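Listed below are the residues making up each chain.
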Amino acid sequence: MSQSNLAAVRGMNDVLPAAIGAWQHLERNARELFAAYGFEELRVPLVEQTTLFKRSIGEFTDIVEKEMFTFTEADGESLTLRPEATAGIARAAITNGLLRGARLKLWTSGPMFRHERPQHGRYRQFYQIDVEALGFAGPDIDIELIAMTARLWRLLGISRVQLKLNSLGTPESRRVYREKLVEYFTQHAAALDADSQRRLSGNPLRILDSKHPAMQAVIGGAPLLSAYLDAESREHFDALCATLTAMGIDYVVDPRLVRGLDYYSRTVFEWVTDALGSQNAICSGGRYDGLISQLGGEATPAIGFAMGVERVVELLQQTGQAFSRPSPDVYVLASGERAMRAGLALVERLRDELPAVVFEMNQGGGNFKAQFRRADRSGARLALILGENELERGAAALKPLRLDAAQAECTLAELPARIPAILDTL
RNA sequence: GUGGACGUAGCUCAGCUGGUAGAGUCCCGGAUUGUGAUUCCGGCUGUCGCGGGUUCGAGUCCCGUCGUCCACCCCA
């Protein structure tokens, strides 16, 4: 990097043309799949009032406590770059009057912002594809969302993934469990690391998915949330599991999967992979039955998930599939300025007459050697050569580039017929 | 936010215990003054991440800083 004073902001990356094919492949597959399942796209702002995220994600979560990009407007209003999409979508549904008992199947995508220490697969500006179903109590919609993501992995050829499931129950049953958990961990406080001791008062459930090796024994002995589930949540979760099994969708129940956002209730799930290092969650979500009423909308059960685009793109790249820019069919060479100008007009006419054929016109001059080299590298099957001599006679030359075949000459008027005919033989 | 490793041409990297930088590749030109592989010949690009210090002299040692990577943490 020769200009160190000119740098991208830490944790915010450029997606270069070499990678964009994989991004578009994922985006196209997701868009078509969601449409097939009856989901509609919406787009919401990147910026919301800070209070929206505090109220929805939770005051005592890591995201709100230390990871938000927040700034103050001239009038004193506090605004925040969205750290996730669900809050904004819930807000949009309420403020646009979309609810009224309606059932909404929505998706969106775009950048999210969290002020974390960057790591492979974890960035300060990162992209999510986000799906939300509002007005559905489940568990049928839970199953459909999970089946849809499983189908997406199949479409993309991604196989190193595993589905983890849990139920967090209702807020009431979780409160009971939380008390038991605090009681247990308080008795074993000496065995907790500093992070976990801090969480004991704020967010004790988060202690459960600590990776600290020395704490695995204490965590293993902790009471399980599943023992405190209320009857309805139990029934909901059992139905979910039974149907997934019947559908042949593999999963593991992870009783210690708790998720980091306060608004989750009942079903939570997470697709993880062992191919990306420690940032191993590629898609996760859950029910948030209480969120919309908590924000002031009419009580609406809901479920959603978010997919980490950079992470899924990397899995896609690991499959070895090629997503390069498609090669043109015909690369057009021209010698000299007159031929170049005539060529530009000619190629526009050919594009009109042969809309299915992709032409790439040589740009930037160069002798024939250089132009043929570019033609070769473009991957085109056929070169259309516009030379001064041929143009004098109203003719042009066509040369196959991918196999050993003779170069042929024809009149300009014959080109619209000859080009597709030759391409068919290549 | 905590701990650790790393940072030399566009890319991949070499540079021993300090003596002001090199290879391959890429790109461009020529051999072939109008024809893409290969080969051969020639050419271009570096504030050695940045700033400061030690030294006669720093890519090399020290400090700071920025960035990347790994683990924790967090999570998509």
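Residues numbered from 1 in each chain as written. Chains lettered and ligands numbered in written order. Predicted model: local features only at pLDDT ≥ 70, side-chain atom pairs only at ≥ 80, totals over all residues. Heavy atoms only, no water.

Caption draft 1: Main features of the overall build of chain A. On a plain count of helices and strands, chain A comes out with 15 helices and 16 strands. Here chain A has a C-alpha radius of gyration of 29 Å; the compact-globule value for 426 residues is 22 Å, and the former is much larger. By principal-axis analysis of the C-alpha atoms, chain A measures approximately 95 × 55 × 45 Å. For chain A, buried positions account for 50% of its 426 residues. Put simply, 69% of the contacts in chain A that link residues at least 6 apart link residues at least 24 apart. (Helix = DSSP H or I, 4+ residues; strand = E, 2+ residues; numbered from the N terminus. Rg over C-alpha atoms; globule rule 2.2 N^0.38 Å. Buried < 20%, exposed > 50% of the residue type's maximum accessible area, 1.4 Å probe, protein only. Contact = heavy atoms within 4.5 Å.)

Caption draft 2: Looking closely at the environment of G135. Along the polypeptide, G135 turns up in the loop between β6 (125–134) and α5 (140–156). Residue G135 is classed as buried on the basis of its relative accessible area of 17%. For the pair G135 and N389, spaced 254 residues apart in sequence, the C-alpha separation works out to 71 Å. G135 has contacts with A102, R103, T300 and P301, leaving out every residue within four places of it along the chain.

Caption draft 3: Highlighting the domain arrangement of chain A. Splitting chain A by domain gives domain 1 (3–170 + 230–318) and domain 2 (330–423). The centre of domain 1, based on its C-alpha atoms, is set 49 Å off from the matching centre of domain 2. (Domains from an automatic or database assignment.)

Caption draft 4: The environment of G286, seen in detail. Residue position: G286 is located in strand β10 (residues 281–287). For G286, a relative accessible area of 0% translates into the label buried. For the pair G286 and Y184, spaced 102 residues apart in sequence, the C-alpha separation works out to 27 Å. Residues contacting G286, with those up to four places away along its chain left out, are Y264, T267, V268, F269, I303 and G304.

Caption draft 5: Molecular detail of the sheet that holds strand β3 (residues 70–72). Strand order across the open sheet formed by 3 strands is β2-β4-β3, with antiparallel pairing between neighbours. Unpaired on one side and paired on the other, β2 (47–49) and β3 mark the two borders of the sheet. Averaged over all neighbouring strand pairs, the angle between strand axes comes to 35°, with direction disregarded. Across 3 bridges, the pairing between β3 and strand β4 (residues 78–81) is antiparallel. (Pairing = 2+ DSSP bridges. Axes fitted to C-alpha atoms, helices over the stretch in contact; angles between N-to-C directions.)

Caption draft 6: Representation of the sheet that holds strand β1 (residues 40–41) within the structure. Spatially, the 8 strands line up as an open sheet ordered β1-β5-β6-β11-β10-β9-β7-β8, and their pairing is mixed. The sheet is open, and its two borders are formed by β1 and β8 (252–253), each paired with just one other strand. Here β1 pairs with strand β5 (residues 104–113) via 2 bridges, running parallel. Looking at the pairing, E40 lines up with L106 of β5.

Caption draft 7: Helix α7 (residues 194–202), seen in detail. For α7, the set of buried residues is S196, R199 and L200. Along α7, the residues classed as buried sweep out an arc of 120° about the axis, all on the same side. Residues of α7 that are exposed and point more than 90 degrees away from the buried face comprise A194 and S201. (Arc of directions from axis to C-beta.)

Caption draft 8: Molecular detail of the packing of aromatic side chains. Using the criterion set out here, one finds 10 aromatic pairs in the structure. Ring geometry for F269 against F305: centres 6.2 Å apart, planes inclined by 65°, an arrangement best described as edge-to-face. Placement of F269 in strand β9 (residues 265–273) and of F305 in strand β11 (residues 302–308) is noted, with a sequence separation of 36 residues between them. Both residues of the pair, F269 and F305, count as buried. Of the aromatic side chains, those joined through ring pairs into one cluster are Y263, Y264 and Y288. (Phe/Tyr/Trp six-rings, centres within 6.5 Å; stacked < 30°, edge-to-face > 60°.)

Caption draft 9: Geometry of the state of the cysteines. Inspection of every chain in the model, using the stated rule, returns 0 disulfides. We note that C283 lacks a disulfide partner, and the nearest cysteine sulfur, in C241, lies 17 Å from it. (Disulfide = S-S within 2.5 Å.)

Caption draft 10: The protein's contact with RNA strand B, seen in detail. In the neighbourhood of RNA strand B, 50 residues make up the surrounding shell, with R199, R206, R259, N389 and L401 lying closest. Among the atoms of RNA strand B close to the protein, meaning within 4 Å, 60% are from sugar or phosphate groups. Contact between RNA strand B and R114: a sugar or linking oxygen at 3.1 Å from a side-chain N or O atom of the residue. Mapped onto the surface near RNA strand B, the elements with two or more residues apiece are β6, α7, β10, β11, α13 (368–378) and α14 (388–392). A per-class count over the surface near RNA strand B returns 11 nonpolar, 20 polar and 19 charged. (Near = heavy atom within 4 Å. Polar contact = N/O pair within 3.5 Å; in protein donor to acceptor, adjacent residues only side chain to side chain. Nonpolar A, V, L, I, M, F, W, Y, C, P; charged D, E, K, R; others polar.)

Caption draft 11: View of the packing of helix α12 (residues 336–353) against helix α15 (residues 415–425). With their axes 10 Å apart at the nearest point, α12 and α15 run at an angle of 65° to one another. One element, α12, and the other, α15, form an angle in the roughly perpendicular class. In this structure, α12 crosses over α15, and the sense of that crossing is right-handed. Residue-level contacts link L346, L350 and E353 of α12 to L415, P416 and I419 of α15. (Parallel < 35°, antiparallel > 145°, perpendicular 65-115°, else oblique. Left-handed = near helix turned anticlockwise from the far one by under 90°.)

Caption draft 12: View of a nonpolar patch on the surface. A contiguous nonpolar surface patch, about 210 Å² in accessible area, is contributed by L46, V47 and F71. Of note, F71 is situated in strand β3. On the basis of relative accessible area, F71 is assigned to the partly exposed category, the value being 35%. (Patch = residues over 30% accessible without salt bridge, like charges linked within 9 Å, V, L, I, M, F, W, Y side chains within 5 Å. Areas by Shrake-Rupley, 256 points an atom, 1.4 Å probe, with all protein chains shown as cover. Salt bridge = Lys/Arg side-chain N within 4 Å of Asp/Glu carboxyl O.)

Caption draft 13: Broad picture of the side chain of N362. Locating N362 in the fold gives a position in the loop between β13 (359–361) and α13. Here the side chain of N362 touches R374 through a polar contact of 3.0 Å, side chain to side chain. Those residues within four positions of N362 in sequence are excluded, and the remaining contacts are Y331, V332, L333, M340, Q371 and R374.

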